[in-house]
Protein chains: 2
Amino acid sequence: MAFVTRQFVRAMSSSSAASAAAKKIMVKHVTVIGGGLMGAGIAQVAAATGHTVVLVDQTEDILAKSRKGIEESLRRVAKKKFAENPKVIKTPMTSQKTFESLIDFSRSLGKHPVSCKDTPGFIVNRLLVPYLLEAVRLYERGDASKEDIDTAMKLGAGYPMGPFELLDYVGLDTTKFILDGWHEMDAKNPLFQPSSSLDKLVAENKFGKKTGEGYYKYK
Amino acid sequence: MAFVTRQFVRAMSSSSAASAAAKKIMVKHVTVIGGGLMGAGIAQVAAATGHTVVLVDQTEDILAKSRKGIEESLRRVAKKKFAENPKVIKTPMTSQKTFESLIDFSRSLGKHPVSCKDTPGFIVNRLLVPYLLEAVRLYERGDASKEDIDTAMKLGAGYPMGPFELLDYVGLDTTKFILDGWHEMDAKNPLFQPSSSLDKLVAENKFGKKTGEGYYKYK
């Protein structure tokens, strides 16, 4: 990605800027398949940055909710701070032209795209989920309390949230879903082993903030 | 720790506050053994919060440097923002009285103490070092560049530094020293396996920021 960026900057600053740019696709119309958390967010950002957006979803409710979200975001576009930094995933079937065009498209959305191979969890989840589970295991071993682990990581490492706060925020069902998928693919990796406290909370429908209880209690 | 805190608050707000407080040791004089990064920092904070401090070290140079640091910190005490949140480590030989007194002492230094059993890396290093090494392995597998991993963790996870920036800041020699120690204690744990890029950089005396080069180049 850094290389692509430099290449692009060079192209734009050279006399052949026009021809170099012509080789790429200018994205104007965006079709988003699936209006869940990510899809709706992408549609919002694309709409707010002047792209024509078509959002496709099987469920009418989701479409109506996403449409409302997009309209609201367009109204407060000047103030809006968009979450989620895009990763442009390059698979063996992605052409360099498509890849570079998507990098440009991400930039046009005001984002800082990063590049990653098509690997489980890409960058952030691949590093974040095992760290969260290591924190759970530290707690399960009885080495420290949830509260003290959260405090230590916030004050000692400067993290915006402690691991247990983040787990409850992300959703324990979501975290377990990711972990179980990785465990199925790579059963011997100790980073991907199930956690007894996570399994217990999910079995009790305590998914975190959204259900009022997870590792902590809310409301 | 959270329990101890609540106990303490209850004691202080009850009518038996004086007798409860009398059971604990009020720390007024502090002796710090070793004037390295941590010892000098503890001595500075203790001096700045009105404690009598004796700093013990074998090396004259370190003592002189620490003394200078303490004097400087006393001069700008109002402005000083102290780093490093204390963990009061409770070993099987630590009495409850000593433990509670140290918790109070930490609070008197303006800190938020957390409690942890005497386990390798305690809380922050036990979670941080394996995460840093997982980032290194992600990079070594060629899944993403150092730069993109750093960007993703800063923008995607809200971390103050990316893993490679942090490794260079902490020092690659220090990180390797910690990792090798853990690997020796628990050779089968894949979290503690050596990293080829880390070993190579340390062998070349590229320890990070302090030597001008680590995963990145400085100056």
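Parameters at a glance
- Residues numbered from 1 in each chain as written.
- Chains lettered and ligands numbered in written order.
- Predicted model: local features only at pLDDT ≥ 70, side-chain atom pairs only at ≥ 80, totals over all residues.
- Heavy atoms only, no water.
- Salt bridge = Lys/Arg side-chain N within 4 Å of Asp/Glu carboxyl O.
- Helix = DSSP H or I, 4+ residues; strand = E, 2+ residues; numbered from the N terminus.
- Buried < 20%, exposed > 50% of the residue type's maximum accessible area, 1.4 Å probe, protein only.
- Contact = heavy atoms within 4.5 Å.
- Polar contact = N/O pair within 3.5 Å; in protein donor to acceptor, adjacent residues only side chain to side chain.
- Nonpolar A, V, L, I, M, F, W, Y, C, P; charged D, E, K, R; others polar.
- UniProt positions renumbered as here; feature names shortened; annotations may be inferred.

Draft legend 1. Inspection of the pattern of salt bridges at higher detail. On inspection of all chains with the given rule, the structure shows 22 salt bridges over all chains. Between glutamate 71 of chain A and arginine 67 of chain A there is a salt bridge, with the nearest N and O atoms lying 3.2 Å from each other. Here the residue glutamate 71 of chain A and the residue arginine 67 of chain A both occupy positions in helix α4 (residues 60-75), the gap between them amounting to four residues, near one helical turn. By relative accessible area, which is 35% here, glutamate 71 of chain A ends up partly exposed. Assessed through its relative accessible area of 56%, arginine 67 of chain A is described here as exposed. A salt bridge links lysine 154 of chain B to glutamate 165 of chain B; the nearest nitrogen and oxygen atoms lie 2.9 Å apart. With lysine 154 of chain B in helix α7 (residues 146-157) and glutamate 165 of chain B in helix α8 (residues 163-170), this residue pair connects regions lying eleven residues apart in the sequence.

Draft legend 2. Fine view of the interface of chain B and chain A. Facing 36 residues of chain B, the contacting portion of chain A comprises 35 residues. In this assembly, chain B and chain A are joined by two salt bridges. The tally of links between chain B and chain A comes to eight residue pairs in polar contact (both at pLDDT 80 or more). Among the elements of the structure, β4 (114-117), α6 (124-140) and α7 of chain B are those that each provide at least two residues to the side of chain B that touches chain A. Partitioning the side of chain B that touches chain A into residue classes produces 22 nonpolar, eight polar and six charged.

Draft legend 3. Structural context of the UniProt feature "domain: 3-hydroxyacyl-CoA dehydrogenase C-terminal" (unreviewed entry) in chain A. Following the UniProt record, one finds the feature "domain: 3-hydroxyacyl-CoA dehydrogenase C-terminal" (unreviewed entry) at residues 121-218 of chain A. Along residues 121-218 of chain A the backbone is 60% helical and 0% strand, and the end-to-end C-alpha distance reaches 28 Å.

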